[in-house]
Amino acid sequence: MKILLAGGAGYIGSHTAVALLKAGYQVVVLDNFDNSSPEAVRRVEELTHKPVVLYEADAADKAAVLNIMKQEQPDCVIHFAGLKAVGESVKQPLRYYRNNIDTTLTLLECMELTGCRKIVFSSSATVYGEENPAPCNEEMPKGSCTNPYGWTKSMMEQILQDAAVADKNLGVVLLRYFNPIGAHESGRIGENPRGIPNNLMPYVTQVAVGKRERLTVFGGDYDTPDGTCLRDYIHVMDLAEGHVAAVEYGAGHNGVEIFNLGTGQPYSVLDIVNTFQQVNNISVAYEIGPRRAGDLPVVYADATKAKTVLGWQAKRSLADMCRDSWNWQKNNPEGY
Ligand code: NAD
Ligand code: UDP
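Residues numbered from 1 in each chain as written. Chains lettered and ligands numbered in written order. Predicted model: local features only at pLDDT ≥ 70, side-chain atom pairs only at ≥ 80, totals over all residues. Heavy atoms only, no water.

A few points about the environment of Phe 33
With respect to the helices and strands, Phe 33 occurs in the loop between β2 (26-31) and α2 (38-48). According to the relative accessible area criterion, Phe 33 is buried, its value standing at 14%. Phe 33 has contacts with Ala 9, Pro 38, Leu 54, Glu 56 and Arg 194, leaving out every residue within four places of it along the chain. (Helix = DSSP H or I, 4+ residues; strand = E, 2+ residues; numbered from the N terminus. Buried < 20%, exposed > 50% of the residue type's maximum accessible area, 1.4 Å probe, protein only. Contact = heavy atoms within 4.5 Å.)

Next up, the structure:
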């Protein structure tokens, strides 16, 4: 089977490419390199000793996507192509709505025109909003998002669901990721944020490598065991393997199915800092600062459905995540 990875040069896409190639799938990547580098795809080939067909194209460009899909005839599309920085989405909402929603509409239209009827979509735990208490399960109604990025995910889920209602031959798998961190164990591919990282783990690794002075922990007065927020961190290779399971499931099912991809185990910000220091034997300077607007105190998954229906569950520990994040950062201090 051939899988088209829109946004496949990015952090999660490149790791998923490795997992798919390892499982015997053919992989085609389409990316405009807005937030990634072709070097990531080259390293995927190096790691797997398998070829990846790579197209530089905008997933919102209908003529380009149609050409690629006609040429490649993929059996399934995985849609990673999106802008994902929460703070930036507040400042540039129109850019976020335009890019994220246009790519989704274009991919769906081109799938229809070329007879590809399977799509796996990168959604996010953010769609549960603040209304749903942790652990979040897939039966809960979606909540209100706190930023435009989150709303694009919620809206794209709706678009995909409506498309599947209208076309009974369409198969949609919505994957709601929790907090992906870590890197491939080789240290050859990993997360490569541009500028100052927004997310916790890349900030921690950049402090450890000496690029930033100290981490600010956003809030130490939450109603949690150590006062810092709890999240469901998941190793990116576990997440990648979750996509392989989703593609396999999707091949045999039409309609819409939603899966959380998380571990079900919450950890605090200080758990991350302490585990990182311990397993890597390196210190990370930090200070407790004010809360960040929009952060929820506790977010973690009920991971039961993916286990029972997909037969997938996360295997790697927090120590694995911290070790592999550091291995990537120290071997690639400037990224790709
Ligand atoms: P990433 O930025 O590393 O990867 C996204 C890729 O999409 C990049 O390679 C980028 O160049 C590409 N892209 C963006 N717009 C495009 C366009 N118009 N045409 C072609 N390519 C385009 O991000 P990631 O962490 O790998 O995330 C992948 C997906 O998962 C995104 O949709 C993101 O919103 C979603 N997600 C990520 C997280 C996370 O914490 N990393 C959590 C939940 C959901
Ligand atoms: N966080 C932090 N300092 C940072 C970045 C993040 O304390 O520089 C905290 C943040 O408040 C949250 C957790 O780390 O509790 C994870 O944040 P991230 O932005 O990585 O993911 P989110 O859960 O917000 O999507």
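Describing the site of ligand 2
In the region of ligand 2, 14 residues are neighbours, and Thr 216, Phe 218, Arg 231, Arg 292 and Asp 295 sit closest. Arg 231 has a polar side-chain atom sitting 2.7 Å from an oxygen atom of ligand 2. (Near = heavy atom within 4 Å. Polar contact = N/O pair within 3.5 Å; in protein donor to acceptor, adjacent residues only side chain to side chain.)

Some points on the nonpolar core
Of all hydrophobic cores here, the largest spans 40 residues; its most connected members are Leu 5 and Leu 20. A per-element tally of this core places helix α8 (residues 236-251) first, with nine residues. The contacts of Leu 5, once residues within four sequence positions are left out, are Gly 13, Ala 17, Leu 20, Val 27, Val 28, Val 29, Leu 30, Ile 78 and Phe 80. The next biggest cluster of nonpolar side chains, apart from the first, holds 27 residues, and it includes Leu 30, Ile 101, Cys 110 and Cys 116. (Core = buried A, V, L, I, M, F, W, Y, C linked by side-chain atoms within 4.5 Å.)

Quick notes on the site of ligand 1
In the vicinity of ligand 1 there are 27 residues, among which Ile 12, Asp 31, Asn 35, Ser 36 and Lys 84 approach most closely. Between ligand 1 and Phe 80, the relevant distance is 3.0 Å, taken from an oxygen atom to a main-chain nitrogen or oxygen of the residue. Of all the elements in the fold, those that place two or more residues in the shell around ligand 1 are α1 (11-22), α5 (93-114), β5 (118-124) and α6 (148-166). Residue classes in the shell around ligand 1 are distributed as 11 nonpolar, 11 polar and five charged. (Nonpolar A, V, L, I, M, F, W, Y, C, P; charged D, E, K, R; others polar.)

Considerations on the sheet that holds strand β3 (residues 53-56)
In spatial order, the strands read β3-β2-β1-β4-β5-β6-β11; together these seven strands make up an open sheet with parallel pairing. Looking at strand neighbours, the two that pair on one side only are β3 and β11 (255-261), the edges of this open sheet. Neighbour-to-neighbour, the strand axes of this sheet turn through a mean angle of 20°, independent of strand direction. Docked against the sheet, helix α3 (residues 62-72) engages β1 (2-6), β2, β3 and β4 (76-79), running at close to 165° with respect to β3. Set on the sheet, α8 makes contact with β1, β4, β5, β6 (171-177) and β11; between it and β6 the angle comes to about 160°. (Pairing = 2+ DSSP bridges. Axes fitted to C-alpha atoms, helices over the stretch in contact; angles between N-to-C directions.)

Overview of the packing of α1 against α2
Between two packed helices, the angle of one axis relative to the other and the distance separating the axes together describe the packing. It is the contact of α1 with α2, at a shortest axis distance of 10 Å, that shows an interaxial angle of 25°. Classified by the angle between their axes, α1 and α2 sit roughly parallel to one another. Here α1 and α2 pass one another in a crossing that is right-handed. Residues Ser 14, Ala 17, Val 18 and Leu 21 of α1 form the contact with α2, whose own contacting residues are Ala 40, Val 44, Leu 47 and Thr 48. For the contact of α1 with α2, the per-class residue count stands at six nonpolar, two polar and no charged. (Parallel < 35°, antiparallel > 145°, perpendicular 65-115°, else oblique. Left-handed = near helix turned anticlockwise from the far one by under 90°.)

What to know about the pattern of salt bridges
It is possible for side chains of opposite charge to pair when their charged atoms get near one another. The tally for this structure, following the rule as stated, stands at 23 salt bridges. Between Glu 334 and Lys 211 there is a salt bridge; the shortest N-O distance is 3.8 Å. Note that Glu 334 is positioned in the segment after α11 (318-331) and Lys 211 in the loop between α7 (200-208) and β8 (215-218), a separation of 123 residues in sequence. By relative accessible area, Lys 211 is classed as partly exposed at 38%. As a salt-bridge pair, Glu 241 and Lys 315 come within 3.4 Å of each other at their nearest N and O atoms. With a gap of 74 residues between them, Glu 241 in helix α8 and Lys 315 in the loop between α10 (304-310) and α11 connect regions that are remote in the sequence. Judged by relative accessible area, which is 63%, Lys 315 ranks as exposed. (Salt bridge = Lys/Arg side-chain N within 4 Å of Asp/Glu carboxyl O.)

A closer look at α3
All of the buried residues in α3 are Val 65, Leu 66, Ile 68, Met 69 and Glu 72. In an axial view of α3, the angular spread of the buried residues amounts to 165°, which keeps them on one side of the axis. Opposite the packed face of α3, turned more than 90 degrees from it, sit the exposed residues Ala 63, Asn 67, Lys 70 and Gln 71. Its buried side turned inward, α3 meets β1, β2, β3, β4 and α5. The N-terminus of α3 is capped by Asp 61, whose side-chain oxygen sits 3.3 Å from the backbone nitrogen of Ala 63. Positive backbone phi, approximately 45°, marks Gln 73, located one or two places after α3. (Arc of directions from axis to C-beta.)

Quick word on the packing of aromatic side chains
Taken as a whole and judged by the stated rule, the model has four aromatic pairs. The interplanar angle of 50° and the centroid separation of 5.1 Å between the aromatic rings of Trp 328 and Tyr 336 together place this pair among those described as tilted. Residue Tyr 336 is classed as partly exposed on the basis of its relative accessible area of 25%. Above the face of the Tyr 222 ring, Arg 291 is positioned so that its terminal group lies 4.0 Å from the ring centre. A cation over an aromatic ring shows up here: Lys 305 above the ring of Phe 259, its NZ or CZ 4.9 Å from the ring centre. (Phe/Tyr/Trp six-rings, centres within 6.5 Å; stacked < 30°, edge-to-face > 60°. Lys NZ or Arg CZ within 6 Å of the ring centre and 35° of its normal.)

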